[in-house]
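The lines below spell out each chain.
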Amino acid sequence: MRDIKIDSPVESVDIRNSSRSELILGIEGTAWNLSVGIVSEEEVISFAESAYLPKSGGIHPREAAQHHAEKIVDVLREALKKMKEKGFSEEDIRGVAFSIGPGLGQSLRIVATAARSLALKWRVSLIGVNHCIAHIEVGRWMCGTEDPIVLYLSGANSQVLGYMAGRYRIFGETLDIGLGNALDKFARSVGLKHPGGPEIERLAQKSSRYIELPYTVKGMDFAFSGILSAAKKLAEKYPLEDVCYSLQETVFAMCTEVAERALAHTQKDELLLVGGVGMNKRLQKMLKDMCEDRGARFYTPPPEYTKDNGVMIAYTGLLMMRSGCTIPIEKSRVNPDFRPDEVEVKWK
Amino acid sequence: MEVISHCAEAIILRDGDNVVKRRLPKRYRIRELDEMIRRQRTKSEAKLIVEARKAGVPTPVIKDLSDFEIVMEYIDGRPLKEVMSEELVRKAGELVAKLHERNIIHGDLTTTNILVRGDRIYLIDFGLGYFDEDVESKAVDLHVFFQTLESTEIKAEELKKSFLEGYKRYKGWKAVVEREKEIRKRVRYA
């Protein structure tokens, strides 16, 4: 117990009761990471997760789903335990949010089933959250940005978005595969372990020799599969460090260029980087330099909220529930191809 | 010289009846890559501007060319974005039809890169353009343009329709429009 000096008599307030606003539990599991977050409007209350790591190769959709099915109860228990340690109880949870898509169908269904059961058990609202929108909203929350251009780079998704007239519009996106996917595939082809992004980053730091690779920006869209093939070929002749360096410099320059185009086109002056690839320090540096040079501000949330996480689902679920965007169980079917611009943003 | 525009990759200076488009170095990318991109784009842009005009698409006349710089005729027009109408966007569709007829891909077909002067429409900024006969590239041109409409115009759907009315002058339009729909739907969980 700490000694607290009280100058004037204050009415005894139970802190728990005062912050007993409403809690939302969110479950994320669109791909490799199964994660549960519990939030209030003010803060993250609890966070627990379990990552599926393939024994060899990349993500196997069925194995990922099996992982989620095996671990979901443990992860939920851990999240609820941490919540209780902070003095909350299950009765404080007013809604259950889950990632309804986009993602791997099998994984999404595990998560959806868990969310439906909890919503029924606790008799609370069910909220189906678009995974991409959740990345954006948690980023805005953590960084305090108003109206950013969002660069969203993950394994499967690579998009440039911005808010306009009730929706997050997609200004540009990958025309073939996601950037994270491209990096992972390259890493795998040269025998690096999964996930490949951090391995490539580590090796790239050892080189400063640029070998030319295709640079494929088309307007505000980009494409990565051609670069992936070219990099694989280079890796047969050149030191791996040099290829990793060249690969990073090329693809990140492309992303930065497209982000800058979107800023210029919309005349917005904030850039928010989200998604797993966003943890790369070289990419962050490039975006920061670009923003500085054009008088814009650059933001990216802490790593645990940049990659896939349950907190982002919980927080977006909270925003959605407040604006009445809850769904009945019978309309809670998952949508593996759910695009962010299909979501009507009623909370802004 | 007066700066008339400072776009994402270049600075446009007005010099009397001319404009100078100078591609500026980007601090965020390494010098080798930076110079390669700027040199390639300057050269290819000049070529595309000339070829587009040969195809009957109004573009600025080129007066001089160096490593990172193009000097061309000044066009005293307004971007389509500011004067948007169904009629103008239909005309823009006709011009894009002419480009695609000659396998010219604009590469950055936004409503900022289409200038309106009187009853003439000019296409500018071929900095990301290239030659390609492939349906995919043409479809991406359309896709970029539609995305610009969708992200900046409330009446995007009507405007897209008008654009296509003009674009249908290109004999291969059907395949391109089909492919654009495919690009839109393409599942990216591969």
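What counts, and where the lines are drawn
Residues numbered from 1 in each chain as written. Chains lettered and ligands numbered in written order. Predicted model: local features only at pLDDT ≥ 70, side-chain atom pairs only at ≥ 80, totals over all residues. Heavy atoms only, no water. Helix = DSSP H or I, 4+ residues; strand = E, 2+ residues; numbered from the N terminus. Rg over C-alpha atoms; globule rule 2.2 N^0.38 Å. Buried < 20%, exposed > 50% of the residue type's maximum accessible area, 1.4 Å probe, protein only. Contact = heavy atoms within 4.5 Å. Domains from an automatic or database assignment. Buried area = accessible area lost by both parts, 1.4 Å probe. 1 Å grid on protein atoms, 1.4 Å probe; cavity = no way out; pocket = protein on both sides within 12 Å on 5 of 7 lines; lining within 4 Å. Points joined across faces, edges and corners; volume = space filled by probe spheres on them. Nonpolar A, V, L, I, M, F, W, Y, C, P; charged D, E, K, R; others polar. Pairing = 2+ DSSP bridges. Axes fitted to C-alpha atoms, helices over the stretch in contact; angles between N-to-C directions. Salt bridge = Lys/Arg side-chain N within 4 Å of Asp/Glu carboxyl O. Polar contact = N/O pair within 3.5 Å; in protein donor to acceptor, adjacent residues only side chain to side chain. Phe/Tyr/Trp six-rings, centres within 6.5 Å; stacked < 30°, edge-to-face > 60°. Lys NZ or Arg CZ within 6 Å of the ring centre and 35° of its normal. pLDDT = per-residue confidence, 0-100. Disulfide = S-S within 2.5 Å.

**Describing the overall build of chain B**
- Regarding its fold elements, chain B presents five helices and 10 strands.
- Here chain B has a C-alpha radius of gyration of 17 Å; the compact-globule value for 190 residues is 16 Å, and the two agree.
- Within chain B, buried positions represent 54% of all 190 residues.
- Partitioning the contacts of chain B with sequence separation of at least 6, the portion at a separation of at least 24 is 63%.

**Some points on the domain arrangement of chain A**
All names here are of chain A.
- One can read the domain layout of chain A as domain 1 (19-136 + 306-342) and domain 2 (147-301).
- For domain 1 versus domain 2, the separation of C-alpha centres amounts to 27 Å.
- With 17 residues of domain 1 at the contact, the number on the domain 2 side is 20 residues.
- For the pairing of domain 1 and domain 2, the buried interface totals around 1,500 Å² over both sides, and the portion due to carbon and sulfur atoms is 66%.

**Observations concerning the layout of surface pockets**
- Here the largest pocket is characterised by a volume of approximately 1,000 Å³.
- As for the largest pocket, its lining consists of 38 residues, and the residues nearest its centre are B:Ser5, B:Cys7, B:Thr112, B:Asn113 and B:Ile124.
- Of all elements in the fold, only helix 8 (240-266) of chain A together with strand 1 (2-6), strand 3 (18-23), helix 1 (31-54) and strand 5 (69-73) of chain B reach the threshold of two or more residues within the lining of the largest pocket.
- Take the lining of the largest pocket: its biggest share by element is five residues, from helix 8 of chain A.
- The residue makeup of the lining of the largest pocket, split by class, is 16 nonpolar, 10 polar and 12 charged.
- Considering the residues around the second largest pocket, the lining is formed by 38 residues, among which A:Trp32, A:Ile59, A:Gly155, A:Asp184 and A:His194 are closest to the centre.
- Listed by contribution, the elements that provide at least two residues to the lining of the second largest pocket are helix 5 (179-189) and helix 6 (196-204) of chain A.
- The element contributing the most residues to the lining of the second largest pocket is helix 5 of chain A, with six residues.
- By residue class, the composition of the lining of the second largest pocket is 19 nonpolar, 13 polar and six charged.
- Two domains each donate at least three residues to the lining of the second largest pocket, and these are domain 1 (19-136 + 306-342) and domain 2 (147-301) of chain A.

**Details of the sheet that holds strand 5 of chain B**
Residue and element names in this part refer to chain B.
- Pairing within the open sheet is antiparallel, and its five strands lie in the order 1-2-3-5-4. The two strands at the open ends of the sheet, each matched to only one other strand, are strand 1 and strand 4 (62-66). Direction aside, neighbouring strands of the sheet carry axes that sit 20° apart on average.
- This element, helix 1, spans strand 3, strand 4 and strand 5 of the sheet and lies at about 160° to strand 4.

**Focus: the interface of chain B and chain A**
- Taken residue by residue, the interface counts 39 residues in chain B and 45 residues in chain A.
- Between chain B and chain A, roughly 3,500 Å² of surface is buried when both sides are summed, and carbon and sulfur atoms account for 52% of that area.
- On inspection of chain B and its partner chain A, the count reaches seven salt bridges.
- Linking B:Arg41 and A:Glu257 is a salt bridge whose minimum nitrogen-to-oxygen distance equals 2.6 Å.
- For the pair chain B and chain A, the interface holds 11 residue pairs in polar contact (both at pLDDT 80 or more).
- Of the residues forming the side of chain B that touches chain A, the biggest block, nine residues, is contributed by helix 3 (residues 135-152) of chain B.
- Per-class residue counts for the side of chain B that touches chain A are 15 nonpolar, 11 polar and 13 charged.

**Here we look at empty space enclosed by the protein**
- Applying the stated criterion to the full structure yields two cavities of 30 Å³ or more.
- Around the largest cavity, the lining residues are A:Leu179, A:Ala182, A:Leu183, A:Phe224, A:Ile227, A:Leu228, A:Leu247 and A:Val251.
- Broken down by secondary-structure element, the contributors of at least two residues to the lining of the largest cavity are helix 5, helix 7 (225-237) and helix 8 of chain A.
- For the lining of the largest cavity, the element with the most residues is helix 5 of chain A, which contributes three residues.
- Looking at the lining of the largest cavity residue by residue, the classes come out as eight nonpolar, no polar and no charged.
- If you add up the space inside the second largest cavity, you get close to 40 Å³.
- In terms of lining, the second largest cavity is formed by A:Phe171, A:Met220, B:Thr110, B:Val144, B:Gln147 and B:Thr148.

**Looking at the packing of aromatic side chains**
- All told, the structure shown has eight aromatic pairs over all chains when counted by the stated rule.
- Ring centres of A:Tyr163 and A:Tyr168 lie 5.6 Å apart, and the angle between their planes is 70°; this geometry places the pair in the edge-to-face category.
- Judged by its relative accessible area of 1%, A:Tyr168 is buried.
- Ring geometry for A:Phe222 versus A:Phe224: centroids 5.2 Å apart, planes at 35°, classification tilted.
- Residue A:Phe224 is classed as buried on the basis of its relative accessible area, which comes to 1%.
- A connected cluster of aromatic rings, assembled from ring pairs, spans B:Phe145, B:Phe146, B:Phe163, B:Tyr167 and B:Tyr170.
- If you follow A:Lys348 out to its NZ or CZ, it ends over the ring of A:Tyr163, 4.2 Å from the centre.
- The cationic tip of B:Lys160 hangs over the ring face of B:Phe146; the distance from NZ or CZ to the ring centre is 5.2 Å.

**Examining the confidence of the model for chain A**
- Taken residue by residue, chain A gives an average pLDDT of 92. The fraction at 70 or more is 94%.
- Note that pLDDT drops below 50 for residues 1-19 of chain A; the model gives that stretch three contacts with residues more than four away or on any other chain.

**Observations concerning the state of the cysteines**
All names here are of chain A.
- Per the stated rule, a full pass over the model turns up zero disulfides over all chains.
- Cysteine 325 takes part in no disulfide bond, and the closest cysteine sulfur to it belongs to cysteine 132, at a distance of 17 Å.
- Residue cysteine 325 is classed as buried on the basis of its relative accessible area, which comes to 16%.

**Quick word on the pattern of salt bridges**
- Counted under the stated rule, the structure contains 52 salt bridges over all chains.
- Ionic pairing is found between B:Glu45 and B:Arg23, a salt bridge with its closest N-O pair at 2.7 Å. Of the two residues, B:Glu45 sits in helix 1 while B:Arg23 sits in strand 3, which places them 22 residues apart along the sequence. Here the two residues B:Glu45 and B:Arg23 agree in accessibility, since each one is buried.
- Salt-bridge contacts for B:Glu87 lead to B:Arg90; the nearest nitrogen and oxygen are separated by 2.7 Å. Within this pair, B:Glu87 and its partner B:Arg90 are both found in helix 2 (residues 86-101), separated by three residues, close to a single helical turn.
- It is possible to trace a salt-bridge network through shared partners that takes in A:Glu257, A:Arg261, B:Glu9, B:Lys21, B:Arg23, B:Arg41, B:Glu45, B:Asp108 and B:Asp125.

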